[in-house]
Amino acid sequence: MKILVAIKRVIDANVKVRVKPDNSGVETANVKMSMNPFCEIAVEEAVRLKEKGIASEVVAVSIGNQQCQETLRTALALGADKAILVKTDDQLEPLAVSKVLKKVVEQEGPEMVLLGKQSIDGDNNQTGQMLGALLGWGQGTFASEVEVEDGKTKVTREIDGGLQTIELKLPAVVTTDLRLNEPRFASLPNIMKAKRKPLDEIALADLGVDTANRTETLSVENPPERSEGIKVETVAELVDKLKNEAKVI
Amino acid sequence: MTTLVIAEHNNSELQASTYNTIAAAKQLSGETVVLVAGHDCQSVADQASKAEGVDKVLLAQAEFLEHLLAEDVEKAVMAQEGDYSHILAPASTFGKNMMPRIAALLDVQQISDIIAVDSDDTFKRPVYAGNAIATVKSNDSKKVVTVRATAFDALATEGGSASIENVDSGSHTELSNYVGEELTESERPDLGTANVVVSGGRGMGNGENFEMLETLADKLGAAVGASRAAVDAGFVPNDYQVGQTGKIVAPELYIAVGISGAIQHLAGMKDSKVIVAINKDEEAPIFQVADYGLVEDLFKAVPELIDAL
């Protein structure tokens, strides 16, 4: 079976983001960009399914500007067979992204779409579920284990109280949680090989999808800061402060 | 204008997050209707009808709704005929799982995880793991919104007397079937709603040492949490995780033990009212957000604290 993996280029998880002084957004100029960590887990899972002989082909897709090619090359170096860049300079919202991905799914015909559960910039946690609904497919979100057998996939999900296991008919959408796997590092030979793997470009406009933004970001601000606390010297002092000053115990 | 709140419950009890979501709904214009979709869940509808601020309860019961699978909840919500200006659900794994499906079918860009209602179409929500707060205005005709429970104080659970109406429960999609669940059994309060949370980090050293935190938690009537580092190291299960990728908590008292305070962890707990940090490394970033910091070996401090309580 063919697996489509959707990936997003985001500000690197180790960068401390800074709100722009004019409150229009966060600083992205000269900031290190990387593949969204949850997307990396999705690529890894797809590649593992291929290594187990379950997947026949892994196609990585990203929507964004020319620099997203780099992120797609990373996916190819991790083991994806082919990449597709839907090119646009616009920042698409999750609803628009899921509409674009639906088009790509219709063209590529995968039996599973793997995505990260959320991107670490917008923290929306929407795209996979929206894609599932638009395609009329089932979904296994926040997956910590994925098994595929007899045209079905069994997905163990991280839920608030523990774990839930569901069985989905294929085709289906699966979104990854942290414990699904530990992504490998791309080896130098694989990075070299990735340069020769196919990377197709499609102009967003050619897909004929309405991707207009539905929301406006009026401002982006720093979160309220906590006032500086104090150091206590002993456990007795701590207990005293909690009882008599903070009055929380 | 009318707001539809999709209740989170376990077929016998309404979850606390639903009361917080109703509180958010009351900050919008118009009436608040609560949809209880589930199986054999009349008692949940009864509880919802007593909740302060609820004008009407819709009860959609069907066997296939027992486990509230996203595909089936989607059908149950889409089967509702009322004209709703807003649809709200808690931003728990329940709401996060099913709500975007509804938004997509309504052709609406969902607003996730709001922490404040500015007006009927404008909301505040954290982005970049809470390192920035965005004010977002929705231009869609309907608003589909998930609500961060800890950001809205729940209204009273008793005193209301809303009517309960039985409604269409949609149909089973058979796209997804429930296989099983492994829920963490605990006598302690739920991590997401506890008044006191005791969390351990990598400094705990191993899973056995968490017993010490459990003893402390029991003294305080607290829930036990953990940093991602402690979860990744295999000390405790993932549902203990507090942080950007785990649970967001905002208790009255949060005690961080052996937690360095990575930004992803702070994102999950920095709205707590009082924060205590116990760590032997006085440079640990957790001390920057702590109201009371104790620089001490946790293996000395925690037993002392247990004895002192």
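Definitions and cut-offs
Residues numbered from 1 in each chain as written. Chains lettered and ligands numbered in written order. Predicted model: local features only at pLDDT ≥ 70, side-chain atom pairs only at ≥ 80, totals over all residues. Heavy atoms only, no water. UniProt positions renumbered as here; feature names shortened; annotations may be inferred. Helix = DSSP H or I, 4+ residues; strand = E, 2+ residues; numbered from the N terminus. Buried < 20%, exposed > 50% of the residue type's maximum accessible area, 1.4 Å probe, protein only. Contact = heavy atoms within 4.5 Å. Areas by Shrake-Rupley, 256 points an atom, 1.4 Å probe, with all protein chains shown as cover. Lys, Arg positive; Asp, Glu negative; His and termini not counted. Charge placed at Lys NZ, Arg CZ, Asp CG, Glu CD. Rg over C-alpha atoms; globule rule 2.2 N^0.38 Å. Pairing = 2+ DSSP bridges. Right-handed = clockwise from strand over helix to strand, strands pointing away. Buried area = accessible area lost by both parts, 1.4 Å probe. Salt bridge = Lys/Arg side-chain N within 4 Å of Asp/Glu carboxyl O. Nonpolar A, V, L, I, M, F, W, Y, C, P; charged D, E, K, R; others polar.

- For chain A, the name recorded in an unreviewed UniProt entry is Electron transfer flavoprotein subunit beta, with Kangiella marina as its organism.
- Here chain A is described in UniProt, under the heading Sequence similarities (unreviewed entry), as follows: "Belongs to the ETF beta-subunit/FixA family."

**A look at the overall build of chain A**
Then, number 1: Each helix and strand in chain A was counted, giving six helices and 13 strands.
Then, number 2: Principal-axis analysis of the C-alpha atoms places the extent of chain A at approximately 65 × 45 × 40 Å.
Then, number 3: Burial status across chain A gives 56% buried among its 249 residues.
Then, number 4: Within chain A, residue pairs in contact and separated by at least 24 positions form 70% of the contacts whose partners lie at least 6 positions apart.
Then, number 5: For chain A, the exposed area adds up to about 11,200 Å²; of that, 46% sits on carbon and sulfur atoms.
Then, number 6: Side chains of chain A carry 33 positive and 39 negative charges; the gap between the two charge centres is 3 Å.

**Considering the overall build of chain B**
Then, number 1: The helix and strand inventory of chain B stands at eight helices and 16 strands.
Then, number 2: Taken over C-alpha atoms, the radius of gyration comes to 21 Å for chain B, in line with the 19 Å a tight globule of 309 residues would show.
Then, number 3: Considered along the principal axes of its C-alpha atoms, chain B spans approximately 60 × 40 × 40 Å.
Then, number 4: Looking at chain B as a whole, 58% of its 309 residues are labelled buried.

**Some details on the sheet that holds strand β6 (residues 116-117) of chain B**
Then, number 1: Pairing in this open sheet of four strands is antiparallel, and the strands run β12(A)-β8(B)-β7(B)-β6(B) from one edge to the other. Sheet topology places β12 (215-221) of chain A together with β6 of chain B at the edges, where each strand pairs with a single neighbour.
Then, number 2: Where strand β7 (residues 122-127) of chain B lies against strand β8 (residues 132-138) of chain B, six bridges are found, and the strand directions are antiparallel. By the bridge assignment, B:Pro126 is partnered in β8(B) with B:Ile133.

**Here's the deal with the side chain of B:Glu296**
All names here are of chain B.
Then, number 1: Mapping Glu 296 onto the fold places it in the loop between β16 (292-295) and α8 (298-308).
Then, number 2: With a relative accessible area of 18%, Glu 296 lands in the buried category.
Then, number 3: If we ignore the near neighbours within four places in the chain, the residues touching Glu 296 are Ile 278, Asn 279, Lys 280 and Ala 301.

**So, helix α2 (residues 68-78) of chain A**
Then, number 1: For α2(A), the full list of buried residues reads A:Cys68, A:Thr71, A:Leu72, A:Ala75, A:Leu76, A:Ala77 and A:Leu78.
Then, number 2: Of the residues one or two after α2(A), A:Gly79 is the one with positive phi, at around 130°.

**Quick look at the pairing of strand β3 (residues 56-61) of chain B**
Taken residue by residue, a regular strand's side chains alternate between the two faces of the sheet.
Residue and element names in this part refer to chain B.
Then, number 1: With six bridges connecting them, strand β2 (residues 31-38) and β3 associate as parallel partners. Bridging across to β3, Leu 35 finds its partner in Leu 58.
Then, number 2: Note that the unit made of β2, helix α2 (residues 42-50) and β3 has a crossover that is right-handed.
Then, number 3: Where β3 meets strand β10 (residues 163-166), four bridges bridge the pair, whose relative direction is parallel. Bridged to Leu 58 within β10 is Glu 165.

**Looking at the UniProt feature "domain: Electron transfer flavoprotein alpha/beta-subunit N-terminal" (unreviewed entry) in chain A**
Then, number 1: Within this numbering scheme, the UniProt entry marks residues 23-211 of chain A as carrying the feature "domain: Electron transfer flavoprotein alpha/beta-subunit N-terminal" (unreviewed entry).
Then, number 2: Note that residues 23-211 of chain A is 30% helix and 32% strand, and that its end C-alpha atoms are spaced 25 Å apart.

**Thoughts on the interface of chain B and chain A**
Then, number 1: Taken together, the contacts link 83 residues of chain B with 73 residues of chain A.
Then, number 2: For the pair chain B and chain A, the summed buried area comes to about 6,500 Å², and 54% of that belongs to carbon and sulfur atoms.
Then, number 3: Three residues stand out in chain B for area buried against chain A, namely B:Gln109, B:Tyr128 and B:Tyr292, and they jointly supply 13% of the buried area on that side.
Then, number 4: Summed over the shared surface of chain B and chain A, the result is five salt bridges.
Then, number 5: As a salt-bridge pair, B:Asp140 and A:Arg214 come within 2.7 Å of each other at their nearest N and O atoms.
Then, number 6: Within the side of chain B that touches chain A, the residues separate by chemical class into 37 nonpolar, 24 polar and 22 charged.
Then, number 7: Bridging between strand β9 (residues 162-169) of chain A and strand β11 (residues 176-183) of chain B involves seven bridges; their strand directions are antiparallel. Considered in β11(B), the bridge of A:Gly162 is made with B:Leu183.

**Considering the pattern of salt bridges**
Residue and element names in this part refer to chain A.
Then, number 1: Scanning the entire structure with this criterion turns up 34 salt bridges over all chains.
Then, number 2: One salt bridge in this structure joins Arg 9 and Glu 70, with 3.5 Å as the shortest N-O distance. Remark: Glu 70 occurs in helix α2 and Arg 9 occurs in strand β2 (residues 9-11); sequence separation between them is 61 residues.
Then, number 3: A residue is classified by how much of its surface remains accessible, and Arg 9, at 16% relative accessible area, is buried.
Then, number 4: Through salt bridges with shared partners, one network takes in Lys 2, Glu 57, Lys 82 and Glu 108.

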